[in-house]
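One-letter residues, chain by chain:
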Amino acid sequence: MATLKVPAIVPAPEEDAAQLRKAFVGLGTDEEAIVKILAHRNATQRRLIREAYTAAYGQDLLKDMEKEISGDFLRALAMWTLDPAERDARLANEATKMLTANNYVLLEIGCTRSSYHHFKVRETYHLLHKKSLEEDVAHHTSGDYRKLLVPLVSAFRYEGGETNLTLAKSEAKILHEKITGKAYRDDEIIRILTTRSKPQLNATLNQYNDVFGNPITKDLKSDPNDEYLRFLRATIKCLTSPEKYFEKVLRVAIKGAGTDENALTRVVVTQAEDSLHRIKEEYLKRNSIPLEQAIAGDTSGDYKNVLDALLGKEG
């Protein structure tokens, strides 16, 4: 269930495209009209609007948008307007660049998207960047991060609900032996985390907790200064409890020293049509304040308005 509020009766994409053109070329940019249209359309509708805009005016909607608006407002609205697979392909590419490198963005894409979506992202990456996502991730990461991230972004997990309890017990034991022996970088840990279906992985981690008395993430806290262990814990949380992972990303983005608008935008935009309702519930439970209220206190203007719309806030 998404938070996005789409009108019961949606205008034809040609009409939306015409209204956007009017918002761009009129006397001053009509930011309110842009948000009212784009932030209340689903992915299919946005794709049709973008196609209609190009057909009618011979221009890319995003290119014209870049001429009229800027800053965090532009980034949020442009990311939102993109097809989800293209959005992730562009986010992944940005995350492999030296000045914007971010292994956690790659982690999120690798852990929280469906197998079919993964396939579309990799296909789109080929078209946009004339190389593979895997080769860019491999080239721009190193060591333990490369060893984990390359199979994560190239995984095509089974998405059925079946689980094998015997396998879960066996692999829980393997994980415990490796972690107890501080073999945190062992190939078996990587294999289990990057290939098993999410229901199977949850079954394995439940067995780990039941048999050995601790959640696996607690046993991975033996060295608080080990950044890779922190990344490994984030991987497990992202795979098994994405709403808790994203709640923490948002909490840190909002409550840190200065707002991290890139993280805030990324989570709201990528999750608005997916799990944002669960993230909002988790945020309220963890912080005793609605996410909308927390974001309102840290943002303003058109940027705040587009986030409000994606959060499903009325008005």
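- If you look the protein up in an unreviewed UniProt entry, it shows as Annexin from Salvia splendens.

## Let's talk about the packing of aromatic side chains
Point 1. By the definition in use, this model includes 7 aromatic pairs.
Point 2. Ring plane angle 70° and centroid distance 6.2 Å describe the contact between Phe24 and Tyr53, whose orientation is recorded as edge-to-face. Of this pair, Phe24 sits in helix α1 (residues 13–25) while Tyr53 sits in helix α3 (residues 43–57); the two residues are 29 residues apart in sequence, bridging distant segments of the chain. Here the two residues Phe24 and Tyr53 agree in accessibility, since each one is buried.
Point 3. Ring plane angle 75° and centroid distance 5.2 Å describe the contact between Tyr245 and Phe246, whose orientation is recorded as edge-to-face. The residues Tyr245 and Phe246 share a single accessibility class, namely buried.
Point 4. An aromatic cluster is present here, built from Tyr104, Tyr145, Tyr228 and Phe231 joined pairwise through their rings.
Point 5. For the cation-ring pair, Arg46 lies above Trp80, with the distance from its terminal atom to the ring centre recorded as 3.7 Å.

## Describing helix α8 (residues 115–129)
Point 1. When the terminal C-alpha atoms of α8 are compared, their 21 Å separation across 15 residues agrees well with the 21 Å that a helix rising 1.5 Å per residue should span.
Point 2. Restricting attention to buried positions, one finds in α8 the residues Ser115, His117, His118, Val121, Thr124, Tyr125 and His129.
Point 3. Tucked into the core, α8 has its buried residues touching α6 (84–95), α7 (103–112), α9 (133–140) and α10 (143–154).
Point 4. Lys130 lies just past α8 and shows a positive phi near 60°.

## Some words on the domain arrangement of the protein
Point 1. Here the protein is described as being made up of domain 1 (13–69), domain 2 (84–154), domain 3 (165–240) and domain 4 (242–310).
Point 2. Relative placement of domain 1 and domain 3: their C-alpha centres are 46 Å apart.

## Quick word on the packing of α9 against α10
Point 1. Across the interface, α9 lies against α10 with an axial gap of 9 Å and an inter-helix angle of 170°. Considered as vectors, α9 and α10 are oriented roughly antiparallel to each other. Between α9 and α10 lies a crossing whose hand is right-handed. Along the contact surface, α9 presents Leu133, Glu134, Val137, Ala138 and His139, while α10 presents Arg146, Leu149, Val150, Val153 and Ser154.

Here is what the cut-offs are and how they apply
- Residues numbered from 1 in each chain as written.
- Predicted model: local features only at pLDDT ≥ 70, side-chain atom pairs only at ≥ 80, totals over all residues.
- Heavy atoms only, no water.
- Phe/Tyr/Trp six-rings, centres within 6.5 Å; stacked < 30°, edge-to-face > 60°.
- Helix = DSSP H or I, 4+ residues; strand = E, 2+ residues; numbered from the N terminus.
- Buried < 20%, exposed > 50% of the residue type's maximum accessible area, 1.4 Å probe, protein only.
- Lys NZ or Arg CZ within 6 Å of the ring centre and 35° of its normal.
- Expected span 1.5 Å × (residues − 1).
- Contact = heavy atoms within 4.5 Å.
- Domains from an automatic or database assignment.
- Axes fitted to C-alpha atoms, helices over the stretch in contact; angles between N-to-C directions.
- Parallel < 35°, antiparallel > 145°, perpendicular 65-115°, else oblique.
- Left-handed = near helix turned anticlockwise from the far one by under 90°.

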